[in-house]
Amino acid sequence: MREKQGKKAIVVGASSGIGLDVYKELYGKRHPLIGRAYLSLGVTNLRKPDYAEAERYLKLSLDMLTGILGPTHPDIANIYLNLAGSYGEQGKYPASLDYYEKALSIYRQRVGDSHPNVGMIYLGMGATYHAMGDYRHSLDSLQRALPILEGALGAEHPYVTMTKNDIEELKAKLRQE
């Protein structure tokens, strides 16, 4: 139960949309909780997958939270990553890469080049380039990811092992071209 200004409401499942009207009544239409509820709705729709509805909510969240939190807030980077994943799943690779680049810029600025999230973004970009058949850029992205992930997670971490294997497979593929 949430209480604000003497009002009481049971907030059920903002990620299902049920509580969104209650949030708006309690906090107003432009509040970080509303923006995060839109983000939750976007992510929920990605899992269905209903990409059109996911994109709608993610862009509502992006618009609202950018205005409230600023364009370099980590929540904005998170929205960009969700949009990148959505576009990648739909085969809209240039849009996917554009959103990965935006998220990468925020994370590099906010947490530095050696943060594991930066490495994970490079992995996502590598997978996107791979799906496009652009193995050189895929290899470059994975080679950027590897030292970051190895430094942050350790040499035995599954992501590090997977990245090393993917790099070797890409090198072999490129030798055959």
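Scoring rules and cut-offs
- Counting restarts for each chain: residues are numbered from 1 in the order of the written sequence.
- For a predicted model such as this one, the threshold for reporting local features is a pLDDT of at least 70, and the threshold for listing and counting side-chain atom pairs is 80 or more; totals across whole chains, interfaces and linings nevertheless cover every residue.
- Note: side-chain values were computed over all heavy atoms of the structure, leaving out hydrogens and water.
- Salt bridges are identified by distance alone: a Lys or Arg side-chain nitrogen within 4 Å of an Asp or Glu carboxyl oxygen.
- Comment: elements are numbered from the N terminus, with helices defined as DSSP H or I runs of at least four residues and strands as E runs of at least two.
- Buried, partly exposed and exposed residues are distinguished by accessible area as a fraction of the type maximum, computed with a 1.4 Å probe on protein chains only: under 20%, between the cut-offs, and over 50%, respectively.
- Here the nonpolar core consists of buried residues drawn from Ala, Val, Leu, Ile, Met, Phe, Trp, Tyr and Cys, with membership extended through side-chain atoms lying within 4.5 Å.
- Here a residue-residue contact requires only that any non-hydrogen atoms of the pair lie within 4.5 Å.
- A patch is a set of surface residues, each over 30% in relative accessible area and not in a salt bridge, joined within 9 Å for like charges and within 5 Å for the nonpolar side chains Val, Leu, Ile, Met, Phe, Trp and Tyr.
- For the area figures, the Shrake-Rupley method with a 1.4 Å probe applies, and any residue is considered shielded solely by the protein chains shown.
- Only the six-membered ring of Trp is used, alongside the rings of Phe and Tyr, when aromatic pairs are assigned; centres must lie within 6.5 Å, and planes under 30 degrees apart are stacked while those over 60 apart are edge-to-face, with the rest tilted.
- Distance and angle both matter: a charge sits over a ring if NZ of Lys or CZ of Arg is within 6 Å of the ring centre and within 35 degrees of the ring normal.

Another aspect to go through is the pattern of salt bridges. The full count for this structure, using the stated rule, is eight salt bridges. In this structure, Arg-144 and Asp-140 form a salt bridge, with 3.1 Å as the shortest nitrogen-oxygen distance. Residue Arg-144 and its partner Asp-140 are both found in helix α7 (residues 135-153); the two are separated by four residues, about one turn of the helix. Note that Glu-168 and Lys-171 form a salt bridge whose closest N and O atoms lie 3.9 Å from each other. Taken together, the residues span about one helical turn, with Glu-168 and Lys-171 both in helix α8 (residues 158-176) at a distance of three residues. Judged by its relative accessible area of 46%, Glu-168 is partly exposed. Taking the relative accessible area as the measure of exposure, Lys-171 reaches 30% and is therefore partly exposed.

A word on the nonpolar core. Core analysis: the biggest nonpolar cluster contains 38 residues, and Ile-76, Ile-79, Tyr-80, Leu-83, Ile-121, Tyr-122 and Met-125 have the highest contact counts within it. For this core, the elements supplying multiple residues, two or more each, are α2 (32-47), α3 (51-69), α4 (74-89), α5 (93-111), α6 (116-132), α7 and α8. Beyond its immediate chain neighbours, meaning those up to four positions away, Ile-76 contacts Leu-62, Leu-65, Thr-66, Gly-70, Pro-71 and Ile-106.

Considering the arrangement of structural elements, one finds His-115 in the loop between α5 and α6. Between the alpha carbons of His-115 and Ala-152 there is a distance of 6.9 Å; along the sequence they are 37 residues apart.

This brings us to a nonpolar patch on the surface. Where nonpolar side chains cluster on the molecular surface, the patch consists of Met-120, Leu-153, Tyr-159 and Met-162 and spans about 310 Å² of accessible area. Residue position: Met-120 is located in helix α6.

Overall, the coordinates contain three aromatic pairs when judged by the stated rule. Each ring, one from Tyr-80 and one from Tyr-99, has its centre 5.7 Å from the other, and the planes form 35°; the classification is tilted. Of this pair, Tyr-80 sits in helix α4 while Tyr-99 sits in helix α5, and the two are 19 residues apart along the sequence. Taken together, the aromatic side chains of Tyr-80, Tyr-87 and Tyr-99 make up a single cluster linked through ring pairs. The side chain of Arg-56 reaches across the aromatic face of Tyr-57, ending 4.4 Å from its centre.

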